[in-house]
Amino acid sequence: MVRKETCPQCRGNKYISVTRPDAKEAWIKCPSCAGQGYKVRLAN
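Residues numbered from 1 in each chain as written. Predicted model: local features only at pLDDT ≥ 70, side-chain atom pairs only at ≥ 80, totals over all residues. Heavy atoms only, no water.

A.B. asks: Can you lay out the pattern of salt bridges for me, pointing to particular residues and giving the numbers?
C.D. replies: Opposite charge on two side chains lets them pair, provided their charged atoms get close. Under the defined criterion, the tally for this structure stands at two salt bridges. A salt bridge links R20 to D22, with the nearest nitrogen and oxygen atoms 3.2 Å apart. Of the residues examined, R20 reaches a relative accessible area of 39% and is grouped as partly exposed. (Salt bridge = Lys/Arg side-chain N within 4 Å of Asp/Glu carboxyl O. Buried < 20%, exposed > 50% of the residue type's maximum accessible area, 1.4 Å probe, protein only.)

Pasting the structure below:
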């Protein structure tokens, strides 16, 4: 069975805040879930 779980890094927001080298905040797609907001896990 397949389960969709909320991404622990972005918590379902699809974007995360990062600090750029010039000290400004930027929003990028979550690299952990590829911007989907959830992760797919196989459950037994």
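A.B. asks: Could you give an account of unusual backbone geometry, with specific residues and numbers?
C.D. replies: With a phi close to 75°, K14 is a non-glycine residue in the positive phi region. When you line up the elements, K14 lands in the loop between β1 (2–6) and β2 (15–19). For K14, a relative accessible area of 40% puts it in the partly exposed group. A positive phi angle, close to 70°, is found at A23, a residue other than glycine. Following the sequence through the fold, A23 ends up in the loop between β2 and β3 (25–29). Classification of A23 as exposed rests on a relative accessible area of 64%. (Helix = DSSP H or I, 4+ residues; strand = E, 2+ residues; numbered from the N terminus.)

A.B. asks: Can you lay out a nonpolar patch on the surface for me, pointing to particular residues and giving the numbers?
C.D. replies: A grouping of V2, V40 and L42 is seen on the molecular surface, where their side chains present a nonpolar patch of about 330 Å² in accessible area. Looking at the element boundaries, V40 is found in strand β4 (residues 38–42). (Patch = residues over 30% accessible without salt bridge, like charges linked within 9 Å, V, L, I, M, F, W, Y side chains within 5 Å. Areas by Shrake-Rupley, 256 points an atom, 1.4 Å probe, with all protein chains shown as cover.)

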